[in-house]
Number of protein chains: 2
Amino acid sequence: VALLGLGRVGSAVARLTLGDAWCRAAFTITGALVRNTAARAGVPFPVVSDARALLDSEPEVVVEVLGGIEPARSIVLAALERGIPVITANKSLLARCGDELFDLSERTGTPLRHEAAVIAGVPFLCAFSGRPFASRVSHLSAILNGTSNFILTQVASGTGFDAALDLARRLGYAEPDASLDLDGTDAAEKLTILARHFGGLSLQPGQIARDGIARLTREDLRCAGAFGGTIKPLACAAWADAPAAWVGPAFIRGDHPLFPVRGIANGICLESRLTPPLVFSGPGAGPEATAATILDDVLNAHRTEPVVRGTGAIGQTAEGLGRVTVSEPPTGWFVRVSHPADRLDPLGVADLLSTFDVWIQRTSTPSDTAAPNALWLLTHPCERARLDAALHALRAAARCDTCTVRVVETTHE
Amino acid sequence: VALLGLGRVGSAVARLTLGDAWCRAAFTITGALVRNTAARAGVPFPVVSDARALLDSEPEVVVEVLGGIEPARSIVLAALERGIPVITANKSLLARCGDELFDLSERTGTPLRHEAAVIAGVPFLCAFSGRPFASRVSHLSAILNGTSNFILTQVASGTGFDAALDLARRLGYAEPDASLDLDGTDAAEKLTILARHFGGLSLQPGQIARDGIARLTREDLRCAGAFGGTIKPLACAAWADAPAAWVGPAFIRGDHPLFPVRGIANGICLESRLTPPLVFSGPGAGPEATAATILDDVLNAHRTEPVVRGTGAIGQTAEGLGRVTVSEPPTGWFVRVSHPADRLDPLGVADLLSTFDVWIQRTSTPSDTAAPNALWLLTHPCERARLDAALHALRAAARCDTCTVRVVETTHE
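On a predicted model such as this, the values are computed, not experimentally measured, just so you know. (Residues numbered from 1 in each chain as written. Chains lettered and ligands numbered in written order. Predicted model: local features only at pLDDT ≥ 70, side-chain atom pairs only at ≥ 80, totals over all residues. Heavy atoms only, no water.)

## A short note on the confidence of the model for chain A
All names here are of chain A. Filter applied, for reference: Confidence per residue, as judged by the predictor, is encoded in pLDDT with a range of 0 to 100. What counts as a helix is a DSSP run of H or I of at least four residues, what counts as a strand is a run of E of at least two, and both are numbered from the N terminus. Here, two residues are considered to be in contact whenever any of their heavy atoms come within 4.5 Å of each other.
When pLDDT is averaged along chain A, the result is 87, and 92% of the positions lie at 70 or above. Here helix 13 (residues 317–320) stands out as the least confident element of chain A, with mean pLDDT 40; helix 7 (residues 146–156) is the most confident, with 95. Residue range residues 307–322 is modelled with pLDDT below 50. Its contacts to residues more than four positions away, or to other chains, number 36 contacts.

## Description of the sheet that holds strand 4 (residues 62–64) of chain B
Stated formally: Paired strands, in this sense, are two strands between which DSSP finds at least two bridges.
What the six strands build is an open sheet, ordered 3-2-1-4-5-6 (chain B); its pairing is parallel. Each having just a single partner strand, strand 3 (47–48) and strand 6 (112–113) of chain B make up the two edges of the open sheet.

## A short note on the packing of helix 5 (residues 91–108) of chain A against helix 10 (residues 185–199) of chain A
Angle between the axes and distance between the axes are the two parameters that describe a pair of packed helices. All names here are of chain A. Let me state the cut-off plainly: Inter-axis angles, ranging from 0 to 180 degrees, are taken between N-to-C directions of lines fitted to C-alpha atoms, where helices are fitted over the stretch in contact. The scheme is simple: roughly parallel for angles under 35 degrees, roughly antiparallel for over 145, roughly perpendicular for 65 to 115, oblique for anything else. Note on convention: near helix rotated counterclockwise from far helix by under a right angle means a left-handed crossing. Clockwise means right-handed. Gly is put with the polar residues, along with every residue not named as nonpolar or charged; the nonpolar set is Ala, Val, Leu, Ile, Met, Phe, Trp, Tyr, Cys and Pro, and the charged set is Asp, Glu, Lys and Arg.
Contact geometry of helix 5 with helix 10 gives a least axis separation of 7 Å together with a crossing angle of 30°. When the axes of helix 5 and helix 10 are compared, the pair comes out roughly parallel. Where helix 5 crosses over helix 10, the handedness of that crossing is left-handed. Listed contacts from helix 10 to Lys 91, Ser 92, Leu 94, Ala 95, Arg 96, Gly 98, Asp 99 and Phe 102 of helix 5 are Thr 185, Asp 186, Glu 189, Lys 190, Thr 192, Ile 193 and Arg 196. Taken together, the residues of the contact of helix 5 with helix 10 break down into four nonpolar, four polar and seven charged.

## A closer look at helix 1 (residues 8–18) of chain B
The test is simple: Burial classes follow relative accessibility: with a 1.4 Å probe on protein chains only, a residue under 20% of its type's maximum area counts as buried, one over 50% as exposed, and anything between as partly exposed.
For helix 1 of chain B, the set of buried residues is Gly 10, Ala 12, Val 13, Ala 14, Leu 16 and Thr 17 of chain B. Contacts from the buried residues of helix 1 of chain B go to strand 1 (2–4), helix 2 (21–26) and helix 12 (287–299) of chain B.

## Topic: a nonpolar patch on the surface
Put simply, the test is: Two joining distances apply to patches: 9 Å for like charges and 5 Å for nonpolar side chains (Val, Leu, Ile, Met, Phe, Trp, Tyr), and every residue must have over 30% relative accessible area and no salt bridge. Accessibility throughout is a Shrake-Rupley quantity obtained with a 1.4 Å probe, and a residue counts as covered only by protein chains that appear here. A pair is scored as a salt bridge if a Lys or Arg side-chain nitrogen falls within 4 Å of a carboxyl oxygen belonging to Asp or Glu.
On the surface, a cluster of nonpolar side chains totalling about 240 Å² of accessible area is made up of Leu 171, Tyr 173 and Ile 264 of chain A. When you line up the elements, Tyr 173 of chain A lands in the loop between helix 8 (161–170) and helix 9 (179–182).

## Considerations on the sheet that holds strand 3 (residues 47–48) of chain A
Residues and elements named next belong to chain A. Spatial strand order, 3-2-1-4-5-6: six strands in an open sheet with parallel pairing. Of all the strands in the sheet, just strand 3 and strand 6 (112–113) have a single pairing partner and so form its edges. Sheet analysis places strand 1 (residues 2–4) next to strand 2 (residues 31–33), joined by three bridges and oriented parallel. Within the sheet, the bridge partner assigned to Ala 2 lies in strand 2 and is Gly 31. Those strands touched by helix 12 (residues 287–299) are strand 4 (62–64), strand 5 (86–88) and strand 6, and its axis lies near 165° from that of strand 5.

Here it is in structure tokens:
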């Protein structure tokens, strides 16, 4: 095994491989690519700073844990060209260069495994590759970012947003700069990988509409609880009709399969209209979980599946593949309406929204006096444009602020 | 593909294969074994009543959907001896003759796939075969019987037990004789397959303690709700210390990963003490879901995994395999205490139980007047023997009846 990178995940891979007799018998690390070889003098395998030298040593498998696009992309392409199977946990690389990489993998017949790139600790992509019947799903919703899920879980239990973010940092669940986690960029990258795998869609992360979670408050989560649900950082895609994809916080009810996925756990709910959803959840990140998944991929590096590309649903792959325009589906909405000074009249708000054909299902007023001039609503499904127009009119008429979160429901009863 | 059996699942396999152009190109049904060939005159492939003739036609794959032990066992053994891969959905066969069948599969290097035998509609066994790192789990809890789960879901929403059973029969979710579903036999068979796969345990279904769900009432489920949870038909196994396995209704809290697995859905929660649990859920049965899983297995019939036997946890398989004595773990208990005539004194009950070192966490009294002389308790964890002794004394002292259900919790925080 040649290791590209010895960061947190790369080190965990080395530790697992060297720390266990069974692993030492199964794998040998023939070398690792690092930026500064002098700084790694004590490592018990060769370290090099030249990728070509590493590939020239003819490893049986390349494990790419560099992260980022270059030089990862060039080295992975070179390895595939040489027929060396590649295992990667690099979601950004797959999200941005997936077409190129999977094309080359298919053309050369060289496996490119990436179980650890999405929901790193749960083997589920492998459960679908080569299983076209199980892969007949039409849409999915998922919790793909553990940092965001940890923070919203904390906020739901009464912690303030900033305190929750601090705690995530102290526990090592969030980087000092957590903006890519909080604004949905990380989840959008992972969603493109899932949309390719299950829907045969070729998307770029930039095509996916995304909202961050930073604007959510303790009171929002309390009201979500009062509505019998909670707010989760979701990533959703659908391809039965027009391809749809978006990332953002979403209100889900207590009976949604992702409701119990708490803290740093991740989960995915794969749906078709005909059967109960398939749900997979577990550890979403962490060097140890990621390294374990990578080593399982290494053991399977030479295994080939009967259907190589994307798997997709039967009869769906052919049309699906290719760049697509992404739409956002109509859903219900969880809306906070707040006024800087005055109390809001729920009936007046409902009346105004109804003139835009936006219909309210439930309302909730604050329980305490911390935010007496706010109001929370659950609407029936409608297009985002219609909701936006209605809320624009409401803000103008009532001089209030609004904050919106999608409602996500499972389609099967 | 040679089909053994043309019952509900066998017919669905044939329907799926013949009904879709992609499938017709991928598979051909070369023949089917049926009891009465005359009754199947219209079937568009050869039907025979002699298994030897079917194997002599040299099919590439044998799909066994006969159910039961014989003649399924003999024919599967004969196919494996000839090196023909076998796909089976027959849980009873694997539960009772697993040692013999998997030994022969390993000895002859002939795959024996059985994804459809447990949680038929969810590909999860395949996600662990050949993935020893992911398979490092120490215990599991699962909902393996859709009929029981449907009934308890109905009872939890206010239906009486008998009405829920009637509804399950009308919807085709329960056989006219549903006793093997309701008394835990079906779940115990499936649990032996999971205990072999994940724990390397060789169990017979008869070794597994089991309770049925038939004694549960609407009021029990209402009180479970009042305690913040529900009662589910669970099957549990653990092998980190002494092997433990049992099947029966269990109280789980609202934050348990299997809480949202409702109706006919099945689910499994694989745990270790170190990481969040891995959870898989989805359709547990039904001819269409089972047939789709079988056909995915057929497509993978010739694929071999790097680690063939049991997968097990690394370094665990060696000691684990072999017949074991099964213990039952200490857990908390959900207890109904009812008296035919008198009101019960909660403090008196708690006092008596405490002399047996059985400690009460919560109590609930009935909300309505239908059962005024009953009382529900949640206890702290204790051995079944200790609880039984305490309840025996309570019944003698207070002339009351008792009904007990285990409490199951996840171990990871």
